[in-house]
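Single-letter residue listing:
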Amino acid sequence: MTSSPTGITYCKCLCVVICSLPTLLIPPAMRAALLIQRWYRQYVARLEMRRRCTWNIFQSIEYAGEQDQIKLYNFFGYLMDHFTPASSERNLISHIFRENNICHNVDWERYFCYKSIEVPELYSGPHLSFPITCSNAAELVEAFKNKQQLHSRYVLQLLGETWRLLRILPNISQISTCHNKEITICGDLHGHLEDLLLVFYKNGLPSSEKPYVFNGDFVDRGKDSLEILLILFSFLLVYPNDVHLNRGNHEDHIVNLRYGFTKEVLGKYRLHGKKILKLLQKIFSWLPLATVIDHKVLVLHGGISDTTDLHLISRVDRHKYVSALRPPKRKRQNRSGMTDSDLEDDDPTAKSVDSSRRRVHSLTHSSSTGTRHEVQRRSLQGLNNRVTCSVEEELKERRRQAGLSQSYGDLRNSLTNSDSDPDPDSGELLESYGDEWKQIVDMLWSDPMPQDGCVPNEVRGGGCYWGPDVTEEVLRRHNLTLLIRSHECKQEGYEFCHNRRVLTIFSASNYYEVGSNRGAYIRMGPDLVPHFIQYQANRATRALTLRQSVGRTERSALRALREKLFAHKSDLISSFQEYDPENTGLISLGHWAGAMEAVLRLGLPWRVLRSQLVGDTLDGMLDYHLWFRELAITEPNTELSNASLLETMYKHHSNLETIFRIIDTDNSGLISFEEFRQTWKLLSSHLQTEISDEAISDLAVSIDFNKDGSIDINEFMEAFRLVGGDLLQNEGDPH
Amino acid sequence: MAPKKKEEPKEAPKPKAPEPEPVKIPEFNPTEVVLEFTPEQIEDFKDAFQLFDRTPLNEMKITYGQCGDVIRALGQNPTNAEIMYVLGKPKAEEMATKMMDFDSFLPIHQHICKAKDRGTYEDFVEGLRVFDKLGDGTVMGAELRHVLASLGEKMKEDEVEQLMTNQEDANGCVNYEAFVKHVMAS
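Residues numbered from 1 in each chain as written. Chains lettered and ligands numbered in written order. Predicted model: local features only at pLDDT ≥ 70, side-chain atom pairs only at ≥ 80, totals over all residues. Heavy atoms only, no water.

## What about the overall build of chain B?
Here comes step 1: Helix and strand counts for chain B stand at 9 helices and 4 strands.
Here comes step 2: What you see in chain B, going N to C, is helices and strands ordered as α-β-α-α-α-β-α-α-β-α-α-β-α.
Here comes step 3: In chain B, the share of contacts with a sequence separation of at least 24, taken over all contacts with a separation of at least 6, comes to 63%.
Here comes step 4: Carbon and sulfur atoms make up 53% of the accessible area of chain B, which amounts to about 10,600 Å² in all. (Helix = DSSP H or I, 4+ residues; strand = E, 2+ residues; numbered from the N terminus. Contact = heavy atoms within 4.5 Å. Areas by Shrake-Rupley, 256 points an atom, 1.4 Å probe, with all protein chains shown as cover.)

Okay, structure coming up:
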């Protein structure tokens, strides 16, 4: 019992009684308190619901983008497998499938040589000397804090040294907390330099007294990915026994094409960007895959599966897996008996139509794509249907259903049955490559799920979802006690699951939007108990009220969602019209929700979102044409008359950009008109739509060409970016 | 009035209201509740319910502890006591473990929706006026914080902090009409 200054005592067990009394009999102060408290609790609950909705929106869109990427990539792989080398479409993209260990390392060293690059007198950025010292590394941190850029000579030199070091590191780093050292573990950084700086500020720079593990996804999305890499690599070089880097799914040049890292490097280093990217490609493939602390705590980026075997993983040649999105090509014997190490120049005669490349059509599970051993010349259109249909079938609803029938057994089967190989001996080789590759993809892409079992991760398109039983089994098998992973953004920067046997750590604060989430890092001593330090790298957000912070993130999510709605306008309208056979222009809200999910497949709570997306309704009926007009998405000024082409551009913005960047083989940021045309042809095959040459020419005409007849990719993409109507709302909004 | 001493365990606690005996309240019986929701409303509730569902197989179940949150998220503002009442007064440890499915949730939600005296803007302002010593439309932030943390269904310190952020002026005073608008406008 407590007593308040006004002399009223309050006994908790009487609360029900008191509340049921006629109002006038409750003392006024108590009445006031109860009223305020009730409203407060409602306020908090409503905010929580909005916050969850917003989170769902961002996450759905993020994962749908990743799915998209995989679909596109699978499509290219299919092209590679089934079209002749002479086909121009195949040639456009074949270079991204080319193996990396083409020449000996000596030749590569010569290619990456920095020595001829002069550093001009005018250069005011940091100077590095090698072997690099800890003051060099600290200087680099300061320089980047002051927004300076490291000269390309030093970049190449630093990366070269890093590459050399990584080649001698094992797949799985073993570290210990002996001498009472506390280890610091950071999760995804995604180019957020301010978060890394904040961690260093709070926790101190890496040193032999202060070991760090960085758990992957250093790049993409944020704008300072390269600076983060340079900082991490410099500390790695200074303290190779105390700084540990694990590879993430974004340490992958194919993923970088889509998510911004490639663009960032080319933008910052116009002359040497291409070389830097190539060297980074090698470095990424050489990054270790996991770290084990005191033989008890496993740290890796994505997760595990029911087949995870650390002994197997420690034996693989990890650098063969340049991109986790496809397994490496086997070295094959050509007719003269010499090993056909892939040639730099694309020699069509070396690759016969029969060369069956072992790959998996879907990263997640097998699909039937007709008789696989029929490797013949076929037209682009004919096979397209089959590819697109099977990919569509593979897409399931985001909300995980019970009793998924697809298992990894199916995947394994597809590997041995796929691409019939006339050589019986290579059957085993196929199997072992398949196993290895699957292990690596699982480590980099998987997510935990609450229910038992292990099923393909169809939301992302790679890796699997694994359950608490799999955690127990894998930990037990390897005599471990805890799994620390990253890969998923968490509101508080960290989250436990699976009976606290799995810990997710995420270090990029404000990931979806300013104010969306905190970042965190772990400190762990010899007792192996994790301690968390949370932060948010933006002074402004700390002062926001909960509602302002939720509101801001929500506005951003809704904007992104509205853009998606607009981009899918014609599909949505067709879907609405199915519910409106008499063409009244009206549909019920229930049908609206159904149609939205059917078209967008984002698994979002449309009814809950309705109040944010839909204005007035007439008796519960929505005028859908009016609704689209009210979405207030501004189209860019263009004389383009072909509306469906424009819509394709909005809907497949990222795919288009990815294809452009793939085609841009010299990474110049420019493509020719012919390449532009080929891009559209490729995209139309992938999407199974018809795009006429005339439409493409119209599109080209509506753009300003550079004088030499080339198109600047960045300019083009910017010209067709959608702009949401409420961008005018300022940040000082009190709500 | 002298503050009451700590009660002897065997003594039954007495209410401070004029009523001499505690009112006997029957237990909540969900089967007696008549559902008046339209099918549209029920679909809406399902969406919100699902947003809070964290079960492995999307079983459309939430914990007892979440029931209050869902009801509030859907626009009602019951007291914690009212929530405990419709839940059948579960034990503290059951709040996190006992599950409620959607069909059981509906009568509970219906009962809360039917309750009268939800509190209007005027009631609210009236309530706060109690603390307006000077009659100038403001209350002391510190007093308000204290009341919220010690009276009624006490709020925790961080909850009070969250509610009161940016509400007090330089002198630590809160204009309560603005405050009420702020709380009611979520």
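Moving on from the model shown.
## Describing the overall build of chain A
Here comes step 1: A count of helical and extended segments in chain A gives 27 helices and 24 strands.
Here comes step 2: A burial count over chain A gives 59% of its 735 residues as buried.
Here comes step 3: Pairs at least 24 apart in sequence give 75% of the contacts found in chain A among residues at least 6 apart. (Buried < 20%, exposed > 50% of the residue type's maximum accessible area, 1.4 Å probe, protein only.)

## A closer look at the domain arrangement of chain B
Here comes step 1: What the domain assignment lists for chain B is domain 1 (32-112) and domain 2 (119-183).
Here comes step 2: Computed from C-alpha atoms alone, the centre-to-centre distance between domain 1 of chain B and domain 2 of chain B is 29 Å. (Domains from an automatic or database assignment.)

## Some points on the UniProt feature "domain: EF-hand" (unreviewed entry) in chain B
Here comes step 1: The positions UniProt marks with the feature "domain: EF-hand" (unreviewed entry) are residues 119-154 of chain B.
Here comes step 2: From the first C-alpha to the last, residues 119-154 of chain B spans 18 Å; its make-up is 53% helix and 8% strand. (UniProt positions renumbered as here; feature names shortened; annotations may be inferred.)

## What to know about the sheet that holds strand β5 (residues 212-214) of chain A
Residue and element names in this part refer to chain A.
Here comes step 1: Read across the sheet, 5 strands follow the order β6-β5-β4-β17-β18 without closing on themselves; strand pairing throughout is mixed. Edge positions in the open sheet fall to β6 (243-245) and β18 (530-535), since each of these has one partner strand only. Pairwise comparison of adjacent strand axes, ignoring direction, gives a mean angle of 20° for this sheet.
Here comes step 2: By the bridge criterion, 4 bridges tie strand β4 (residues 183-186) to strand β17 (residues 519-524) in an arrangement that is antiparallel. In the sheet register, I185 faces β17, and the bridge partner there is I522.
Here comes step 3: This element, helix α8 (residues 225-238), spans β5 and β6 of the sheet and lies at about 130° to β6. (Pairing = 2+ DSSP bridges. Axes fitted to C-alpha atoms, helices over the stretch in contact; angles between N-to-C directions.)

## Quick notes on the sheet that holds strand β16 (residues 502-505) of chain A
All names here are of chain A.
Here comes step 1: In space, the 6 strands of this open sheet follow the order β3-β7-β8-β14-β16-β15, with mixed pairing throughout. Across the chains shown, the open sheet's two edge strands, defined by having one partner strand only, are β3 (172-175) and β15 (494-497). Averaged over all pairs of adjacent strands, the angle between their axes in this sheet comes to 20°, without regard to strand direction.
Here comes step 2: Bridge count for strand β7 (residues 290-293) against strand β8 (residues 297-299) is 3 bridges, and the pairing is antiparallel. Counted as the bridge partner of I293 is V297 from β8.

## Some words on the UniProt feature "domain: EF-hand" (unreviewed entry) in chain A
Here comes step 1: Feature annotation in UniProt assigns "domain: EF-hand" (unreviewed entry) to the following positions: residues 651-686 and 691-726 of chain A.
Here comes step 2: Helix and strand shares over residues 651-686 of chain A are 72% and 8% respectively, and the end C-alpha atoms of the span are 13 Å apart.

## Regarding the packing of aromatic side chains
Aromatic rings in a pair are described by how distant their centres are and how their planes are angled relative to each other.
All names here are of chain A.
Here comes step 1: Tallying each qualifying case throughout the model produces 26 aromatic pairs over all chains.
Here comes step 2: Seen from their ring centres, Y511 and Y512 are 5.1 Å apart, and the 55° between their planes marks the pair as tilted. Residues Y511 and Y512 agree in their burial class; the two are buried.
Here comes step 3: Through successive ring pairs, a cluster of aromatic residues spans F576, W592, W606, Y624, W627 and F628.
Here comes step 4: Residue placement shows R167 over the ring face of W163; its charged tip is 4.2 Å from the ring centre. (Phe/Tyr/Trp six-rings, centres within 6.5 Å; stacked < 30°, edge-to-face > 60°. Lys NZ or Arg CZ within 6 Å of the ring centre and 35° of its normal.)

## Considering the pattern of salt bridges
Residue and element names in this part refer to chain A.
Here comes step 1: Using the criterion set out here, one finds 42 salt bridges over all chains in the structure.
Here comes step 2: R51 serves as the salt-bridge partner of E48, at 3.2 Å between the closest nitrogen and oxygen. Here R51 and E48 lie together in helix α2 (residues 28-82), a separation of 3 residues that amounts to about one turn.
Here comes step 3: Residue classification places R51 among the buried positions, given a relative accessible area of 19%.
Here comes step 4: The partner of D693 in a salt bridge is K681, and the shortest N-O contact between them spans 3.5 Å. A residue pair is termed long-range when its members are at least 10 positions apart, and D693 in helix α26 (residues 693-701) and K681 in helix α25 (residues 673-687) qualify at 12 residues.
Here comes step 5: The class of K681 is partly exposed, set by a relative accessible area of 23%. (Salt bridge = Lys/Arg side-chain N within 4 Å of Asp/Glu carboxyl O.)

## Overview of the confidence of the model for chain B
All names here are of chain B.
Here comes step 1: Taken over all residues, the pLDDT of chain B has a mean of 81, while the share at 70 or more is 83%.
Here comes step 2: Contacts of residues 3-15 to residues separated by more than four positions or lying in other chains number 12 contacts, the stretch itself having pLDDT below 50.
Here comes step 3: Our summary of model confidence lists the complex with pTM equal to 0.73 and ipTM equal to 0.83. (pLDDT = per-residue confidence, 0-100.)

## Some remarks on the packing of helix α7 (residues 141-150) of chain B against helix α8 (residues 157-164) of chain B
Residues and elements named next belong to chain B.
Here comes step 1: Following both chains from N to C, one finds α7 and α8 inclined at 140°, their axes separated by 10 Å at the closest point. Judged by the inter-axis angle, α7 sits oblique to α8. Pair α7 / α8 crosses with right-handed handedness. Residue-level inspection shows G141, L144, R145, L148 and A149 of α7 in contact with α8, the latter providing V160, E161, L163 and M164.
Here comes step 2: Class assignment of the residues belonging to the contact of α7 with α8 gives a composition of 6 nonpolar, 1 polar and 2 charged. (Parallel < 35°, antiparallel > 145°, perpendicular 65-115°, else oblique. Left-handed = near helix turned anticlockwise from the far one by under 90°. Nonpolar A, V, L, I, M, F, W, Y, C, P; charged D, E, K, R; others polar.)

## Focus: the state of the cysteines
Disulfide: a covalent bond connecting the sulfur atoms of a pair of cysteines.
All names here are of chain A.
Here comes step 1: Taken as a whole and judged by the stated rule, the model has 0 disulfides over all chains.
Here comes step 2: This cysteine, C134, is not joined by any disulfide, and C186 carries the nearest cysteine sulfur, 19 Å off.
Here comes step 3: The thiol sulfur of C186 is not disulfide-bonded, and the nearest other cysteine sulfur, from C489, lies at 15 Å.
Here comes step 4: For C186, a relative accessible area of 0% translates into the label buried. (Disulfide = S-S within 2.5 Å.)

## A short note on the pairing of strand β14 (residues 482-485) of chain A
Residues and elements named next belong to chain A.
Here comes step 1: Covered by surrounding structure in β14 are L482 and I484 together with L483 and R485, the residues of both alternating faces.
Here comes step 2: Here β14 pairs with β16 via 3 bridges, running parallel. Across the sheet, residue I484 finds its bridge partner in β16, namely L503.

## Details of the nonpolar core
Residues and elements named next belong to chain A.
Here comes step 1: Of all hydrophobic cores here, the largest spans 64 residues; its most connected members are F576, W592, W606, L609, L613 and W627.
Here comes step 2: When residues in this core are grouped by element, the largest group, 7 residues, is from helix α20 (residues 589-600).
Here comes step 3: Once residues within four sequence positions are removed from consideration, L609 is found in contact with C53, I57, L558, L561 and L604.
Here comes step 4: Among the nonpolar cores identified, the runner-up in size contains 60 residues, and L150, L189, L193 and L287 belong to it. (Core = buried A, V, L, I, M, F, W, Y, C linked by side-chain atoms within 4.5 Å.)

## Things to note about the environment of A567(A)
Residue and element names in this part refer to chain A.
Here comes step 1: Tracing the backbone through its elements, the reader meets A567 in helix α18 (residues 546-567).
Here comes step 2: You can call A567 buried: its relative accessible area is 3%.
Here comes step 3: Between the C-alpha atom of A567 and that of H531, which follows or precedes it by 36 residues, the distance is 44 Å.

## Structural notes on α7(B)
Here comes step 1: Where α7(B) is concerned, the buried positions are G141(B), L144(B), V147(B), L148(B) and S150(B).
Here comes step 2: Where α7(B) ends, the next residue or the one after it, G152(B), has phi of about 60°, a positive value.

## Observations regarding the pairing of β7(A)
Residues and elements named next belong to chain A.
Here comes step 1: Both faces of β7 are covered, namely the face carrying A290 and V292 and the face carrying T291 and I293.
Here comes step 2: The sheet contact formed by β3 and β7 spans 4 bridges and is parallel. Bridge assignment links I175 to a residue of β7, and that residue is I293.

## Quick notes on α25(A)
Residues and elements named next belong to chain A.
Here comes step 1: Its 15 residues give α25 an end-to-end C-alpha distance of 21 Å, which sits within 8% of 21 Å, the value for a rise of 1.5 Å per residue.
Here comes step 2: Residues of α25 that are buried: F676, Q678, T679, W680, L682, L683, S684, S685 and H686.
Here comes step 3: One or two steps after α25, the chain reaches Q688, where phi turns positive at roughly 65°. (Expected span 1.5 Å × (residues − 1).)

## A look at the environment of C67(B)
Here comes step 1: Relative to the elements of secondary structure, C67(B) occurs in helix α2 (residues 64-73).
Here comes step 2: In this structure, C67(B) is in contact with I62(B), L87(B), M100(B) and F105(B), ignoring residues within four places of it in sequence.

## Quick notes on the confidence of the model for chain A
Here comes step 1: When pLDDT is averaged along chain A, the result is 76, and 73% of the positions lie at 70 or above.
Here comes step 2: Predicted confidence is poor over residues 331-430 of chain A, with pLDDT under 50, and the contacts of this stretch with residues over four places away or in other chains come to 176 contacts.

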